Amino acid sequence: MKGDRTNEMQNKTASARLRTLPSMDLLLGSERASAFFPLIGREAVKSILASALSSARADLLEGAMEEASLDAVLSRALPELERRSADSLIPVVNATGVVVHTNLGRSCLSNRAVEAVRSVAGRYSTLEFDLAEGRRGSRTDHVEWLIRRVTGAEAGLVVNNNAGAVLLALAALCRGREVVVSRGELVEIGGSFRIPEIMEFSGARLVEAGATNRTHLRDYERAITDRTAAVLKVHPSNFRMEGFVCSVPREDLAALAEQRGVIFIEDLGSGTLLDLSLHGLPGEPSVGECLRQGAHLVTFSGDKLLGGPQIGCAAGRRELVETLRSYPLNRALRVDKMTLAAFEATLRQYLRGEEGEIPVVSMLAAAEDDLERAAVSLLRLLEPVLPEGRFSLVRVEDAVGGGAFPGRMLPGWGVALSVEGWGSAGRLQSMLRRARPPVVSGARENEVVFHVRTLLPGDGELIAAALSSAAELAARPCSK
Ligand SMILES: *Cc1c(COP(=O)(O)O)cnc(C)c1O
């Protein structure tokens, strides 16, 4: 009996507490809420307020809150209202030293590529229009010839991304038949691209050859039968094996494919068009080199080492590319006009020998002296912002990213800031991410590090601004 009475009392107080909840009309009528109407519309504001009301209601019921004032409910809704009112996909400063940073948008387009995007984005264009004939043209014609020129391929085709190019190649050329892949190359890339899954989805049957660490030519020889459509060589991307390892040279694989009458496809992943060994980065074959060494069809990304927009390219023998082009799946993977404009502009820069103007290329090719000088300038720029800050010039290890040159570190330079007085490196990094534009930095023990290799013109000033806003944030009494 006693228990029942206690329950009843609690229920009464709970309903009394609930009566303190402000009405939706009152909330919508408040200045703090209505300020968001022009940003996201009244209905969206209302739905965010409704969630705040229902979470306040739950707290009142539980007794976690005594009363819900108008201000209390509005404060609850405020973070979400602010978050939904601000643009979400925004530029950041990449001070991580990872050049092809997939989470930060991979490659930055060159100025020319950006200009090309701008020129077609808000206007009608020749996307599928043949000006000479005045009739329908093909959207991929804009880049086909350029791909041939820069890779030496007989033909080329572009789709949405490289995963799409691999899928299209396997579906169009190997569906219902077998594809031989080395066990050492059955990799997962970036968590979502797995060769065995792509293979299954394409309708081709995977046949594994060799062992994880070693695959010999005789393993491929044994795996090829009259059911085999192709041999697929996959760039192992971020994955690197060391020690007792062996893979088959491209030329030998090409000769075997030729002799047995099967297609030799190579998923190159990054797809550089240059000999990057000239910039101290040996070991990554260019697309042209793979084709010259006998690959029949090479697939690669546009936004990794190439430094262009997100695109997937398949280049190689004419009859293979034509089969891909006329395969229905191709239509589902087609590229939009802004991407094509950026890709055309980027390829033209390669054609003219102006690849040094492509950010990814210039960042990879940056000389250590130049990086050191850039770090010195950054240091001078930052020191006045935090006069009490402990900045120092440091040597850093940068990375190519994008799965190319796995394990290889690029010697670089940066500016380190001791986190003494900031709590921890993680805390300072999080405050820098809250600046607008946000700064994404590197860190090591008790230091936040700004790598200069991946900075673009003007980024030093932005880092200075982010640091001063972080300092303001840290000075606020109740900041988290
Ligand atoms: C990056 C990569 C892919 C996926 O390319 P996307 O352009 O991201 O679709 C496929 N294969 C390899 C070997 C890669 O490195």
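Refer to the structure presented above.
Residues numbered from 1 in each chain as written. Predicted model: local features only at pLDDT ≥ 70, side-chain atom pairs only at ≥ 80, totals over all residues. Heavy atoms only, no water.

Engineer: Go over the side chain of Lys233 with me, naming the residues and quoting the values.
Structural biologist: Of note, Lys233 is situated in strand S10 (residues 228-234). Excluding residues within four positions of it along the chain, Lys233 makes contact with Glu185, Val248, Arg250, Leu253, Phe264, Ile265, Glu266 and Asp267. (Helix = DSSP H or I, 4+ residues; strand = E, 2+ residues; numbered from the N terminus. Contact = heavy atoms within 4.5 Å.)

Engineer: Describe the site of the ligand, with residues and values.
Structural biologist: Taken together, Arg106, Asn161, Asn162, Ala163, Ile189, Phe193, His235, Ser237, Asp267, Gly269, Ser301 and Lys304 are the residues near the ligand. Measuring from an oxygen atom of the ligand, one finds a side-chain N or O atom of Asn161 at 3.3 Å. Contact between the ligand and Asn162: an oxygen atom at 3.0 Å from a main-chain N or O atom of the residue. Here the ligand has 380 Å² of accessible area as a free molecule, and 94% of this is covered by the chains. Mapped onto the shell around the ligand, the elements with two or more residues apiece are helix H9 (162-174) and strand S11 (263-269). (Near = heavy atom within 4 Å. Polar contact = N/O pair within 3.5 Å; in protein donor to acceptor, adjacent residues only side chain to side chain. Areas by Shrake-Rupley, 256 points an atom, 1.4 Å probe, with all protein chains shown as cover.)

Engineer: Can you break down the side chain of His296 residue by residue, with the values?
Structural biologist: The topology assignment puts His296 in the loop between helix H13 (287-292) and strand S12 (297-301). Look at His296 and you get buried, because its relative accessible area is 4%. At 3.2 Å, the side chain of His296 and the side chain of Glu258 are in polar contact. Excluding residues within four positions of it along the chain, His296 makes contact with Ala257, Glu258, Val262, Ile263, Phe264, Leu291, Ala315, Gly316, Arg317 and Leu320. (Buried < 20%, exposed > 50% of the residue type's maximum accessible area, 1.4 Å probe, protein only.)

Engineer: Got a sec to walk through the sheet that holds strand S5 (residues 155-159)? Specific residues and values, please.
Structural biologist: The strand order S5-S13-S12-S11-S10-S6-S9 describes an open sheet built from seven strands, whose pairing is mixed. One side of each edge strand has no neighbouring strand; the edge strands of this open sheet are S5 and strand S9 (205-209). Ignoring strand direction, the axes of neighbouring strands in this sheet form an average angle of 25°. When strand S6 (residues 178-182) meets S10, the two strands line up parallel, connected through four bridges. Residue Val179 lies in a different strand from S10, and its bridge partner there is Ala230. Where H9 meets the sheet, it contacts S5, S6, S10, S11, S12 and strand S13 (312-316), and its direction lies at approximately 155° from that of S12. (Pairing = 2+ DSSP bridges. Axes fitted to C-alpha atoms, helices over the stretch in contact; angles between N-to-C directions.)

Engineer: Pulling in residues and values, what's your account of the sheet that holds strand S14 (residues 391-401)?
Structural biologist: Read from one edge to the other, the open sheet built from six strands follows the order S1-S16-S17-S15-S14-S2, with strand pairing classed as mixed. For this open sheet the edge positions go to strand S1 (93-95) and strand S2 (98-100), each flanked by a neighbour on one side alone. Each strand of the sheet is rotated relative to its neighbour by a mean of 40°, with strand direction disregarded. Relative to strand S16 (residues 439-444), S1 runs parallel, the two sharing three bridges.

Engineer: Tell me what's going on with the environment of Glu67, and back it up with residues and numbers.
Structural biologist: Relative to the helices and strands, Glu67 resides in the loop between helix H5 (42-62) and helix H6 (70-85). A C-alpha to C-alpha distance of 9.8 Å links Glu67 and Ala14, two positions 53 residues apart in sequence. Discounting residues that sit within four places of it in the chain, Glu67 has contacts with Thr20 and Leu60.

Engineer: Would you mind going over the pairing of strand S17 (residues 447-451) in detail, with residue names and values included?
Structural biologist: Burial within S17 is extensive, with five of its five residues counted as buried. Alternating residues of S17 divide into Glu447, Val449 and His451 and Val448 and Phe450, and every residue in both groups is buried. Bridge count for strand S15 (residues 409-418) against S17 is five bridges, and the pairing is antiparallel. Directly across from Ala416, in S17, lies its bridge partner Val449. Counting the residues between successive antiparallel strands, the hairpin from S16 to S17 contains two residues, one of them, Asn446, with a positive phi of roughly 60°.

Engineer: So what's going on with helix H19 (residues 425-433)? Residues and values would help.
Structural biologist: Burial in H19 covers these residues: Ala425, Leu428, Gln429, Met431 and Leu432. Around the axis of H19, the buried residues are gathered within 160° of arc, so they sit on the same side. (Arc of directions from axis to C-beta.)

Engineer: So what's going on with the nonpolar core? Which residues, and what values?
Structural biologist: The biggest cluster of nonpolar side chains holds 53 residues, and the ones touching the most others in it are Val158 and Leu347. Once you skip the residues sitting within four places of it in the chain, Leu347 turns out to touch Val143, Leu146, Ile147, Val150, Leu273 and Leu306. Counting residues in hydrophobic clusters, the runner-up holds 33 residues, among them Leu170, Ile189, Ala230 and Ile265. (Core = buried A, V, L, I, M, F, W, Y, C linked by side-chain atoms within 4.5 Å.)

Engineer: Residue-level account of the environment of Arg444, with values.
Structural biologist: Within the fold, Arg444 resides in strand S16. A relative accessible area of 36% means that Arg444 is categorised as partly exposed. Not counting the four nearest positions on each side in its chain, Arg444 is found in contact with Val394, Arg395, Ala425 and Val449.

Engineer: Go over unusual backbone geometry with me, naming the residues and quoting the values.
Structural biologist: What is expected of a backbone is that most residues other than glycine have negative phi and most peptide bonds are trans. Arg436 connects to Pro437 through a cis peptide bond whose omega is -5°. Considering the arrangement of structural elements, one finds Pro437 in the loop between H19 and S16. Unusually for a residue other than glycine, Arg106 sits at a positive phi of about 55°. One can find Arg106 in the loop between S2 and helix H7 (111-121). A positive phi angle, close to 60°, is found at Asn446, a residue other than glycine.

Engineer: Please provide a residue-by-residue account of the packing of H7 against helix H16 (residues 337-351), values included.
Structural biologist: The interhelical angle for the contact between H7 and H16, taken along N-to-C directions, is 145°, at an axis separation of 8 Å. In this structure, H7 crosses over H16, and the sense of that crossing is right-handed. Packed against H7, whose contacting residues are Arg112, Ala113, Ala116, Val117, Val120 and Ala121, the element H16 presents Lys337, Met338, Ala341, Ala342, Ala345, Thr346 and Gln349 at the interface. Each residue belonging to the contact of H7 with H16 can be placed in one class, and the counts come to nine nonpolar, two polar and two charged. (Left-handed = near helix turned anticlockwise from the far one by under 90°. Nonpolar A, V, L, I, M, F, W, Y, C, P; charged D, E, K, R; others polar.)

Engineer: Give a description of the pairing of S16 that names residues and reports values.
Structural biologist: With three bridges joining them, S16 and S17 adopt antiparallel strand pairing. Bridge pairing in S17 links Arg444 to Glu447.

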